Amino acid sequence: MINYLKEQYLAVIIIVILIFFTLSEQKKNNVLLKQVVVLENKILVLEEKDRESSRIIDSLSRVDTLIVNRIKIIKQKEYVQIRIIDSLPVSGLQQYFTDRYPEK
């Protein structure tokens, strides 16, 4: 058996080198698998942050719609008051401003 190994020393060296490279690549593969797990966890965290941000943005758009509706209502009331004042005759305007801003 030893004579056989002496005759086949090149094959034994090649097998040892292949085993060494296989173990080395397996270690690298394990490191990469651990990195994959860490990155997947980071992805989950980022996806949760994305959902939270989307929820906040949606709520802000609803608030924005409410604010725009309130502004429209205020403008309509203002327009009604302006129309009322515009429709008053001069004597009515004088009375309106006299009542609104009395002299002291």
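Values in this document were obtained by computation on a predicted structure and should not be read as measured data.

Calculation criteria
- Residues numbered from 1 in each chain as written.
- Predicted model: local features only at pLDDT ≥ 70, side-chain atom pairs only at ≥ 80, totals over all residues.
- Heavy atoms only, no water.
- Helix = DSSP H or I, 4+ residues; strand = E, 2+ residues; numbered from the N terminus.
- Areas by Shrake-Rupley, 256 points an atom, 1.4 Å probe, with all protein chains shown as cover.
- Lys, Arg positive; Asp, Glu negative; His and termini not counted.
- Charge placed at Lys NZ, Arg CZ, Asp CG, Glu CD.
- Buried < 20%, exposed > 50% of the residue type's maximum accessible area, 1.4 Å probe, protein only.
- pLDDT = per-residue confidence, 0-100.
- Patch = residues over 30% accessible without salt bridge, like charges linked within 9 Å, V, L, I, M, F, W, Y side chains within 5 Å.
- Salt bridge = Lys/Arg side-chain N within 4 Å of Asp/Glu carboxyl O.

Across its full length, the chain carries three helices and zero strands. In sequence order, the chain lays out its α and β elements as α-α-α. The C-alpha extent of the chain, read off along each of the three principal axes, is 130 × 25 × 15 Å. Taken as a whole, the chain presents about 10200 Å² of accessible surface, with 64% of it coming from carbon and sulfur. Seen as two clouds, the 16 positive and the 13 negative side-chain charges of the chain have centres 4 Å apart.

Within the element layout of this structure, Leu44 appears in helix 2 (residues 9–87). Residue Leu44 is classed as exposed on the basis of its relative accessible area of 51%.

On average, residues of the chain score 86 in pLDDT, and 97% of them are at 70 or above. For the chain, helix 1 (residues 2–7) is the element with the lowest average pLDDT, namely 72, and helix 2 is the one with the highest, namely 90.

With that settled, the discussion passes to a nonpolar patch on the surface. A contiguous nonpolar surface patch, about 840 Å² in accessible area, is contributed by Tyr9, Leu10, Ile13, Ile14, Ile17, Leu18, Phe20 and Phe21. Checked against the element boundaries, Ile13 lands in helix 2.

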